[in-house]
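So you can see what is in the structure, the chains are spelled out below.
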Amino acid sequence: MTDYEDFLRGVDVTRPNAARMYDYYLGGSANFEVDRKAAEEGKAALPDATIYARANRAFLVRAVRYLCNAGIDQFLDLGSGIPTKGNVHEIAHQLNPAARVAYVDIEPVAVSHARRMLEGKQNVTITQADIRRPQDVLSAPGVAGLLDFDRPVAVLAVAILPFVVDDEEAINLVAEYRNKCVSGSYLVLSHISQLAATAEQVTAAEEVMSRTTTPVRWRSADRITPMLAGYRVVPPGLVPVTQWRPDTQVPPDLVSRSNAFGAVAVLP
């Protein structure tokens, strides 16, 4: 038996998982039949699911470039998912090879793939932890041993807060990470939201995810905004992710079909 086969014995492959479904939407291979089936059910419920996933990834790439150009050289990527094209350290190291990136995810397949990919790389770590337990995350060796919270850190919460289904818990969670950071730190946030989707599609999509290990909650802009409390949102503000400093002009229909808002904010 290979090490990977032995590892899989400890992974629940009977229920789909959002990280592996997201990997499938992005064209990755770190997913199982149960994930692919659920992802296809997700696409049936929300035909633009793949557009959502790819728009979020593109937003993350643009945000990391922006932060590097703003002088940020430390990144805490919460719910980093399964490694695929456009990882934070790849983007950051193009602009600053000394940038430090701490990835955090609870999903064992995501963590296993990340460890293999990151082996031998400097200034990059992966930690298996539940982002809903900030103290566990912040005290983990891969985080506390890499990032210096006496200097500015960018906390990345891209497409992860929908999995914290209680509004108050999501707001308080962001605040706990914010309170660890010093002035000049940043928050990058994106969140699924009903832009082009119908009410029926939202209900159907949430129902699909309720059958996975990772239920999800869609939120409107006014329910996302409180998560940015304590930060100063940089222009253009909380906008559809495709409209956040796009590299090229975005077709109007693609703007709404991303079904997600995004923002970058700085801690005064």
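An unreviewed UniProt entry lists the chain under the name S-adenosyl methyltransferase, with Saccharopolyspora rectivirgula given as the organism.

**Details of the layout of surface pockets**
Its volume calculated, the largest pocket comes out at about 990 Å³. Lining the largest pocket are 50 residues; nearest its centre among them are Ala 18, Ala 19, Ala 159, Ile 160 and Phe 163. Listed by contribution, the elements that provide at least two residues to the lining of the largest pocket are helix H2 (18-25), helix H4 (49-69), strand E1 (74-78), strand E2 (100-105), helix H6 (108-118) and helix H10 (199-210). For the lining of the largest pocket, the leading source of residues is H4, giving six residues. Within the lining of the largest pocket, the residues separate by chemical class into 35 nonpolar, nine polar and six charged. Its boundaries defined by the atoms lining it, the second largest pocket holds a volume of some 170 Å³. If you go around the second largest pocket, you meet 13 residues; those closest to its centre are Ala 58, Arg 62, Thr 242, Val 250 and Leu 254. Taken together, the residues that form the lining of the second largest pocket break down as seven nonpolar, three polar and three charged.

**Points about the pairing of strand E8 (residues 260-266)**
A regular strand places its side chains so that they alternate between the two faces of the sheet. Burial analysis of E8 places seven of its seven residues in the buried class, the great majority of the element. By the alternation rule, side chains of E8 split into Ala 260, Gly 262, Val 264 and Val 266 and Phe 261, Ala 263 and Ala 265, which are all buried. Strand direction decides the pairing type here: strand E6 (residues 232-233) and E8, joined by two bridges, are antiparallel. Bridged to Arg 232 within E8 is Val 266. Of the strand pairs in this sheet, strand E7 (residues 239-240) and E8 are connected by two bridges, and their pairing is antiparallel. Within E8, the position partnered with Pro 240 by the bridge is Phe 261.

**Some remarks on the packing of aromatic side chains**
Counting across every chain of the model gives four aromatic pairs. Note on Tyr 24 and Tyr 25: the rings are 6.4 Å apart at their centroids and 50 degrees apart in plane angle, and the pair reads as tilted. Members of the aromatic cluster, each reached through a chain of ring pairs, are Phe 59, Tyr 66, Tyr 186 and Trp 244. One Lys or Arg, Arg 245, reaches over the ring of Trp 244 and ends 5.3 Å from the middle of that ring.

**Some remarks on H6**
Listed as buried for H6 are Val 109, Ala 110, Val 111, Ser 112, Ala 114 and Leu 118. Capping of H6 at its N-terminal end is provided by Glu 107; its side-chain oxygen lies 2.8 Å from the backbone amide nitrogen of Val 109. Looking one or two residues past H6, Gly 120 carries a phi angle of roughly 85 degrees, positive in sign.

**Structural notes on the side chain of Asn 87**
Its place among the elements puts Asn 87 in the loop between E1 and helix H5 (88-95). Asn 87 sits in the buried class, given a relative accessible area of 6%.

**A short note on the pairing of strand E5 (residues 186-192)**
Judged by how many residues are buried, E5 sits mostly within the fold: seven of seven residues are covered. Alternating residues of E5 divide into Tyr 186, Val 188, Ser 190 and Ile 192 and Leu 187, Leu 189 and His 191, and every residue in both groups is buried. Where strand E4 (residues 154-158) and E5 come together, five bridges link them in parallel fashion. Within E5, the position partnered with Leu 156 by the bridge is Val 188. Once you follow E4 into helix H9 (residues 167-180) and on to E5, the crossover reads as right-handed. Here E5 runs beside E8; their pairing, made up of seven bridges, is antiparallel.

Calculation notes
Residues numbered from 1 in each chain as written. Predicted model: local features only at pLDDT ≥ 70, side-chain atom pairs only at ≥ 80, totals over all residues. Heavy atoms only, no water. 1 Å grid on protein atoms, 1.4 Å probe; cavity = no way out; pocket = protein on both sides within 12 Å on 5 of 7 lines; lining within 4 Å. Points joined across faces, edges and corners; volume = space filled by probe spheres on them. Helix = DSSP H or I, 4+ residues; strand = E, 2+ residues; numbered from the N terminus. Nonpolar A, V, L, I, M, F, W, Y, C, P; charged D, E, K, R; others polar. Buried < 20%, exposed > 50% of the residue type's maximum accessible area, 1.4 Å probe, protein only. Pairing = 2+ DSSP bridges. Phe/Tyr/Trp six-rings, centres within 6.5 Å; stacked < 30°, edge-to-face > 60°. Lys NZ or Arg CZ within 6 Å of the ring centre and 35° of its normal. Polar contact = N/O pair within 3.5 Å; in protein donor to acceptor, adjacent residues only side chain to side chain. Right-handed = clockwise from strand over helix to strand, strands pointing away.

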